[in-house]
Amino acid sequence: ARIVRVLVNLADNALDAMPDGGSLTIETHLEELDAERAKDWGMKAGLCTLLMVRDTGTGISRDNLGRLFDPFFSTKARDRHSGLGLSTVAEIVKEHKGHIEVQSVLGEGTTFAIYFPALDASDLEQ
């Protein structure tokens, strides 16, 4: 249910970023996480699950990218948003021992790439 909250919050932000329409793409696949990136991100090297959420919206300015996951930070009207959606996303990713990266180009869109440690059958037995 917590991962569903991640998807809902990211999709909601994408919807707001595309007032005239656009595309929202959600993808998952397995990726090999190398030792260097794993160390930088506080994860284990090896197989991970990548969840990507991409939109063709307005994009996010460089100034706002650094504050994106701060609680109560929002570029939207206060009466419509609490500013907790992306901080909630970041907290859920952290709880699942994952890592999140954001790439954005103004006028072209934003991609959230979320890396989670991959589970295998032995993880499910615990």
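Residues numbered from 1 in each chain as written. Predicted model: local features only at pLDDT ≥ 70, side-chain atom pairs only at ≥ 80, totals over all residues. Heavy atoms only, no water.

Visitor: Lay out the overall build of the protein chain in plain terms, naming residues and giving numbers.
Guide: Helix and strand counts for the protein chain stand at five helices and four strands. Moving toward the C terminus, one meets the helices and strands of the protein chain in the order α-β-α-β-α-α-β-β-α. The burial tally for the protein chain puts 34% of its 126 residues in the buried class. Within the protein chain, residue pairs in contact and separated by at least 24 positions form 59% of the contacts whose partners lie at least 6 positions apart. When the accessible surface of the protein chain is split by element, carbon and sulfur atoms take 52% of a total near 8000 Å². (Helix = DSSP H or I, 4+ residues; strand = E, 2+ residues; numbered from the N terminus. Buried < 20%, exposed > 50% of the residue type's maximum accessible area, 1.4 Å probe, protein only. Contact = heavy atoms within 4.5 Å. Areas by Shrake-Rupley, 256 points an atom, 1.4 Å probe, with all protein chains shown as cover.)

Visitor: Break down the packing of aromatic side chains for me, citing the residues and quoting the values.
Guide: One pass over the structure, following the stated rule, counts two aromatic pairs. Ring centres of W41 and Y115 lie 4.7 Å apart, and the angle between their planes is 45 degrees; on these two criteria the pair is classed as tilted. Note that W41 is positioned in helix 2 (residues 35-41) and Y115 in strand 4 (residues 109-117), a separation of 74 residues in sequence. Taken as a pair, W41 and Y115 share a single burial class, namely buried. For the ring pair F69 and F112, a centre distance of 6.5 Å and an interplane angle of 75 degrees mean the geometry is edge-to-face. With F69 in the loop between helix 3 (62-65) and helix 4 (85-95) and F112 in strand 4, this pair connects stretches of sequence that are 43 residues apart. (Phe/Tyr/Trp six-rings, centres within 6.5 Å; stacked < 30°, edge-to-face > 60°.)

Visitor: How would you sum up the confidence of the model for the protein chain? Please name residues and give values.
Guide: The predicted model of the protein chain averages 89 in pLDDT, with 88% of residues at 70 or higher. Per-element averaging of pLDDT across the protein chain places helix 5 (residues 121-125) at the bottom with 56 and strand 4 at the top with 97. (pLDDT = per-residue confidence, 0-100.)

Visitor: How would you summarise the pattern of salt bridges if you had to cite specific residues and measurements?
Guide: Scanning all chains against the criterion turns up four salt bridges. Between E27 and R54 there is a salt bridge, and its shortest N-O distance comes to 3.2 Å. Of the two residues, E27 sits in strand 1 (residues 24-33) while R54 sits in strand 2 (residues 46-55), which places them 27 residues apart along the sequence. Between R37 and E31 there is a salt bridge, with its nearest N and O atoms 3.1 Å apart. (Salt bridge = Lys/Arg side-chain N within 4 Å of Asp/Glu carboxyl O.)

Visitor: Before we move on, could you go through the side chain of N9 and cite the residues and values that matter?
Guide: Here N9 lies in helix 1 (residues 2-17). For N9, a relative accessible area of 11% puts it in the buried group. Residues in contact with N9, not counting those within four places in the same chain, are G85, T88 and V89.

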